[in-house]
Amino acid sequence: MKFDLKRYDRQIALPQIDLDGQEALANSHVVIVGLGGLGCAAAQSLALMGVNNLTLIDPDTIDKSNLARQSLYTEDDIGCYKVDVAKQKLVNFNPTIEIQSFSTEFKQEYLHDVPLAKPSLVIDCTDNLNTRLFVNAACKSQLVPLITGAAIRFEGMVACISPEEDAPCYECLSKVWPDPNESCVERGIFGPVVTIIGHYQAMLAGQLIVGLKTPPPGEVQFFDGLNHTWRTMRFNQSQLCSLCTKSL
């Protein structure tokens, strides 16, 4: 796929990106599940960096309570489907982008039975455990890399999940998570935190696409916005994981 050299000249100037990396971004296809705060930030960043094929999946409509942290939406968008509004806003940012959108729950066939090419990776920006586990299982089954993120209060989390058989998956991580069912509806969320985590997910996606180093499988990054620190934790395949037990 052709791309505008002038538009991306600052990015192409990076020796780690160059023309080959920009071409890889232009030819990649990223699926984003969840167009809330994380998904808005990730989608905008990917569109601006030159990822020209996106699939957006979210069944929700826009509520006034979303506007403090979901950067693609305004008061005029209240009541509209998030994916429909996000699609139009992203096309405004990058007119060459190709976007397909689904205002439904995530389905496994969205990873293979779609008009665009098979996804290069999936970014999970959802906010409930059951959906995360379902997306994780689908990615593992279809051998698609997964970048998962979460944010609550002043805290965030990001992990790269490899589909390889001997790599731990998100379900393994959820077994050591203090409370993976926690929700920002009850616990609250500071808006900038979701933006930080969403953009970080997009950065990891771009780096993975162009072949740069990303955190290894089994490593999760935690952000503490109150203390302004990042820390890393390792996790292994879990004997309690329904997907990985056969690999142990």
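My aim in this report is to walk through the structure given alongside it, one point at a time.

About the criteria used
- Residues numbered from 1 in each chain as written.
- Predicted model: local features only at pLDDT ≥ 70, side-chain atom pairs only at ≥ 80, totals over all residues.
- Heavy atoms only, no water.
- Helix = DSSP H or I, 4+ residues; strand = E, 2+ residues; numbered from the N terminus.
- Rg over C-alpha atoms; globule rule 2.2 N^0.38 Å.
- Buried < 20%, exposed > 50% of the residue type's maximum accessible area, 1.4 Å probe, protein only.
- Contact = heavy atoms within 4.5 Å.
- Areas by Shrake-Rupley, 256 points an atom, 1.4 Å probe, with all protein chains shown as cover.
- Expected span 1.5 Å × (residues − 1).
- Core = buried A, V, L, I, M, F, W, Y, C linked by side-chain atoms within 4.5 Å.
- Patch = residues over 30% accessible without salt bridge, like charges linked within 9 Å, V, L, I, M, F, W, Y side chains within 5 Å.
- Salt bridge = Lys/Arg side-chain N within 4 Å of Asp/Glu carboxyl O.
- Pairing = 2+ DSSP bridges.
- Axes fitted to C-alpha atoms, helices over the stretch in contact; angles between N-to-C directions.
- Parallel < 35°, antiparallel > 145°, perpendicular 65-115°, else oblique.
- Left-handed = near helix turned anticlockwise from the far one by under 90°.
- Nonpolar A, V, L, I, M, F, W, Y, C, P; charged D, E, K, R; others polar.
- Polar contact = N/O pair within 3.5 Å; in protein donor to acceptor, adjacent residues only side chain to side chain.

On to the overall build of the protein. For the protein, the count of helices and strands is eight helices and eight strands. Relative to the compact-globule value of 18 Å for 248 residues, the protein shows a C-alpha radius of gyration of 17 Å, a close match. Overall, the protein is about 50 × 40 × 40 Å in size when its C-alpha atoms are taken along their principal axes. Looking at the protein as a whole, 51% of its 248 residues are labelled buried. Of the contacts formed within the protein by residues at least 6 apart in sequence, a portion of 65% connects residues at least 24 apart. Of the accessible surface of the protein, which amounts to about 11,900 Å², a share of 52% is contributed by carbon and sulfur atoms.

Two residues of an α-helix separated by three or four positions point the same way, owing to the 3.6 residues in each turn. Helix length check: helix 8 (residues 191-210), at 20 residues, gives a terminal C-alpha distance of 30 Å against a target of 28 Å (1.5 Å per residue), a fit within 8%. Where helix 8 ends, the next residue or the one after it, Gly211, has phi of about 90 degrees, a positive value.

Here we come to the nonpolar core. In this structure, Val30, Ile32, Leu46, Leu54 and Leu56 are the most contacted members of the largest nonpolar core, which totals 41 residues. Within the residue set of this core, elements represented by two or more residues are strand 1 (29-33), helix 3 (37-49), strand 2 (53-57), helix 4 (82-93), strand 4 (121-124), strand 5 (146-152), strand 6 (155-161) and helix 8. Take this core: its biggest share by element is nine residues, from helix 8. Excluding its chain neighbours within four sequence positions, the residues that come into contact with Leu56 are Ile32, Leu35, Val83, Ala86, Lys87, Leu90, Ile99, Gln100, Ser101 and Phe102.

A few words now on a nonpolar patch on the surface. A surface patch of nonpolar side chains, about 290 Å² in accessible area, is lined by Phe154, Phe190 and Leu226. A residue is classified by how much of its surface remains accessible, and Phe190, at 43% relative accessible area, is partly exposed.

Now for the pairing of strand 7 (residues 219-224). Side chains on a regular strand alternate between the two faces of the sheet. When you tally the buried positions in strand 7, you get five out of six residues, the bulk of the element. The sheet contact formed by strand 6 and strand 7 spans five bridges and is antiparallel. Its bridge partner being in strand 7, Met157 is matched across the sheet by Phe222.

Quick look at the packing of helix 3 against helix 8 now. Packing of helix 3 against helix 8 leaves a shortest axis separation of 7 Å and a crossing angle of 40 degrees. Between helix 3 and helix 8, the angle falls in the class oblique. When you trace helix 3 past helix 8, the crossing you get is right-handed. Here helix 3 contributes Gly37, Leu38, Ala41, Ala42, Ser45, Leu46 and Met49 to the contact with helix 8, which in turn contributes Val194, Thr195, Ile197, Gly198, His199, Gln201, Ala202, Ala205 and Gly206. A per-class count over the contact of helix 3 with helix 8 returns nine nonpolar, seven polar and no charged.

Once that is clear, we can look at the side chain of Ser162. If you trace the backbone, Ser162 turns up in the loop between strand 6 and helix 6 (170-176). Engagement of the side chain of Ser162 in a polar contact is seen with the backbone nitrogen of Glu164, the distance being 3.2 Å. With near-sequence residues (within four places) excluded, Ser162 lies in contact with Lys140, Ala167, Pro168 and Pro217.

This brings us to helix 5 (residues 129-142). Helix length check: helix 5, at 14 residues, gives a terminal C-alpha distance of 20 Å against a target of 20 Å (1.5 Å per residue), a fit within 8%. Turning to helix 5, its buried residues number three or more, namely Leu129, Thr131, Arg132, Val135, Asn136, Ala138, Cys139, Lys140 and Gln142. Those residues of helix 5 that are buried are in contact with strand 1, strand 4, strand 5, strand 6 and helix 6. Regarding helix 5, its N-cap is Asn128, as a side-chain oxygen of that residue lies 3.4 Å from the backbone nitrogen of Asn130 further along.

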